[in-house]
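# Descriptive analysis of the structure
Here are the chains, one letter per residue:
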Amino acid sequence: MLLSQVIIGLLGAFLAIWAASLIFRAVALRLEQRALRRRQAANLTPAPAPADLEHDHLVGPLAAIVLAIPIFLGGLVLVGLAVVLKEQMLNEPMANTIGGAVVIAACSLVVIAIASASAAWFFDPSRGRPRCRKCWYDLAAVIEPPSPDAPFEHVRCPECGQLTARTKDLYRTRRKPGLLWLAAIIMLAAYFTYMTPALRKGGVSAMIPSTLLIAGLDWLPDSLIVGDRTSRDCLRIRVSDRRLWTWQQQWLRRSAQELLATADDPQSLYRAITFKRNNTPVPRTHFRALIEGLLSDDPRIADMSQVILRDFVDYSSRPREIDPIAVSMLPHLVPLLDHADPRIAFAAMRLISMTGPAADNHIDRITALIDTQTTRSRSAYYATLARLAVSSDAMLEALTRYCTTGTDDNRIRAIRRAHEIRSYRPELAPLFIRLTEDPSKGIVFAALVAASPMIDPDQAVTLILPRLANYNGYDRMRLLDDLFWQSDRGARYNPAIPRRFKAIIADLRESTTERLDAAIKLARFGPDPEAQSIAQSLRTALDLTEEQSAQLEEAIAKLKAPP
């Protein structure tokens, strides 16, 4: 089916182009003859006309011209048939609609434009006749055999006086520039005809070729490249709709990569990031441009900046070193804490966490906004205080104040965020120990979890074991896990911890998961006949899965006393 479409289309295009070129040449010749006769009648051209115009041997008899018209129309019909077959093969509904007619009309105009260009380029071939390269007068009677005194290459036209210096200039094809301009105009008409549906859908910008938009990636207006809320057709939309050829997509990505390497302002950076490869990281050299983009009035640029800044701001517990760019932008970042978009405010708060002691003057502003934030943002504000407290005593005091005052919910979040910097500010250990005497079980639990890694194993046992009875389920196992991990710091020699694990295994009121988990953790402390006997009783006391049974058998093997 595809081969037949190609054959029909090529055959129709060849016939139409050949016939139309004959028609163009004939019409152009007739118009030229009439213009010459009018000039002769007005005595404007007293010299005789060139022989070409008198004998009219360029296009043949009038019957051949009349025959070219039906051949041309038949060729256009074949081209239209090939287009219709193509649309039907692709199951596109435009074969019998206005869209299909537009495509056929555009293809017909392209054929006519090619015919006009062909007629212009091969308008009057020499066919062995020497002619003046300026006025095209027949020089057959002027040229004489070459002699030493008058070389053949130097011939002067008797009509216009033009001196021909080279032999090949005497046998040039006479071309018709007017038909070339006509071909260009018809080709433009074909393009605008083909783009009519896109014009109705996307506006005037849809008429601009994608190739031109890619070439102007770094200098064309935003409305054509990334568009705006009112844009119906721009380069970004064409990419998302997959309307670019493969070579255009590759060119666009290369251009975006080059722009990404040289961009120094938020707008250029936004364009480069919009079209870059997804796995291409943004260089940290654009950190300032991204912060400036965060301050932009364009919500798209601000949103892009806060997304990319996630890669530049450390979201882990270890705070990044103080960044001088963030410090210089601090006066602009603090007002963004009140931004209507919570994501922008969140990004500004994260950037402030990279300023260290420079943020001391804004402690009141930062802490005053904590209670007005959502749950997620409030927790992140506490994280900012924790990171700033690493290098600022003033921020450490603010964090301590929030750990000891306010509502229980806020205090728990503050304790958890303070826990993130426990290894960097040991001054927090007394604070956590003091909070374990709080009447709130939630505060005590958060303080115990935060304090256990910062104190010695014996002190951890003294703090945690007496309070285990106050908790059930996940909270109790979390505290036991903290005790268990103390074994790496010498807690395995504290007999209170293994005893507690044995009690959990033996207590039938404990859940299956807790008892099994306790038996597995107890095996870490080494061989223990009593623990082995207690663990073996779980085989009959608990309904274990195959996986749980395998875990229990492995734990029992570790609990067996050495021979």
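Structure: above.
Residues numbered from 1 in each chain as written. Predicted model: local features only at pLDDT ≥ 70, side-chain atom pairs only at ≥ 80, totals over all residues. Heavy atoms only, no water.

The next point concerns helix H11 (residues 266-275). With respect to burial, H11 is a largely interior element, eight of its 10 residues being buried. Pro266, Ser268, Leu269, Tyr270, Arg271, Ala272, Ile273 and Phe275 are the residues of H11 that are buried. Capping of H11 at its N-terminal end is provided by aspartate 265; its side-chain oxygen lies 3.1 Å from the backbone amide nitrogen of glutamine 267. (Buried < 20%, exposed > 50% of the residue type's maximum accessible area, 1.4 Å probe, protein only. Helix = DSSP H or I, 4+ residues; strand = E, 2+ residues; numbered from the N terminus. Polar contact = N/O pair within 3.5 Å; in protein donor to acceptor, adjacent residues only side chain to side chain.)

To continue, consider the side chain of arginine 413. Structurally, the position occupied by arginine 413 is in helix H20 (residues 408-419). Here arginine 413 falls in the buried class, since its relative accessible area comes to 16%. Aside from chain neighbours lying at most four places away, what touches arginine 413 is Thr375, Arg378, Ser379 and Tyr382. (Contact = heavy atoms within 4.5 Å.)

The next point concerns the packing of H20 against helix H21 (residues 428-435). Packing of H20 against H21 leaves a shortest axis separation of 11 Å and a crossing angle of 145 degrees. Seen from above, H20 lies across H21 with left-handed handedness. Residues Arg411, Ile415, Ala418 and His419 of H20 touch H21, and the partners they reach there are Leu428, Phe432 and Leu435. The class makeup of the residues in the contact of H20 with H21 is five nonpolar, one polar and one charged. (Axes fitted to C-alpha atoms, helices over the stretch in contact; angles between N-to-C directions. Left-handed = near helix turned anticlockwise from the far one by under 90°. Nonpolar A, V, L, I, M, F, W, Y, C, P; charged D, E, K, R; others polar.)

A few words now on unusual backbone geometry. Backbone phi values are negative for most residues with the exception of glycine, while trans is the configuration of most peptide bonds. The backbone of arginine 242 sits at a positive phi, close to 60 degrees, despite the residue not being glycine. Mapping arginine 242 onto the fold places it in the loop between helix H9 (235-240) and helix H10 (246-262).

Taken together, the side chains of Trp121, Phe122 and Leu180 present a nonpolar region at the surface, about 310 Å² in accessible area. Position of leucine 180 among the secondary structure elements: in helix H5 (residues 177-194). (Patch = residues over 30% accessible without salt bridge, like charges linked within 9 Å, V, L, I, M, F, W, Y side chains within 5 Å. Areas by Shrake-Rupley, 256 points an atom, 1.4 Å probe, with all protein chains shown as cover. Salt bridge = Lys/Arg side-chain N within 4 Å of Asp/Glu carboxyl O.)

Okay, the nonpolar core next. Side chains of a nonpolar character, in soluble globular proteins, are inclined to be buried together. By size, the foremost hydrophobic cluster in this structure holds 81 residues, and its most contacted members are Leu235, Leu337, Leu351 and Ile352. Excluding anything up to four places from it in sequence, leucine 235 contacts Leu213, Ile214, Leu217, Leu224, Ile225, Leu244, Leu252 and Phe275. (Core = buried A, V, L, I, M, F, W, Y, C linked by side-chain atoms within 4.5 Å.)

In the structure shown here, the tally under the stated rule is three aromatic pairs. Ring centres 6.4 Å apart and planes at 15 degrees place the aromatic pair tryptophan 247 and tryptophan 251 in the stacked group. With a gap of four residues between them, tryptophan 247 and tryptophan 251 both fall in helix H10, about one helical turn apart. Take tryptophan 247: its relative accessible area is 46%, and that puts it in the partly exposed class. Overall, the relative accessible area of 25% leaves tryptophan 251 in the partly exposed class. For the pair phenylalanine 445 and tyrosine 471, a centre-to-centre distance of 5.7 Å together with 50 degrees between the ring planes defines the contact as tilted. With phenylalanine 445 in helix H22 (residues 441-451) and tyrosine 471 in the loop between helix H23 (457-464) and helix H24 (473-485), this pair connects stretches of sequence that are 26 residues apart. Both residues of the pair, phenylalanine 445 and tyrosine 471, belong to the buried class. In this structure, arginine 175 is placed above the aromatic ring of tryptophan 121, and the distance from its NZ or CZ to the ring centre is 3.9 Å. Positioned above the aromatic ring of tyrosine 471, the side-chain terminus of lysine 441 is 5.6 Å from the ring centre. (Phe/Tyr/Trp six-rings, centres within 6.5 Å; stacked < 30°, edge-to-face > 60°. Lys NZ or Arg CZ within 6 Å of the ring centre and 35° of its normal.)

Interpretation in functional terms is not warranted from these geometric data alone.
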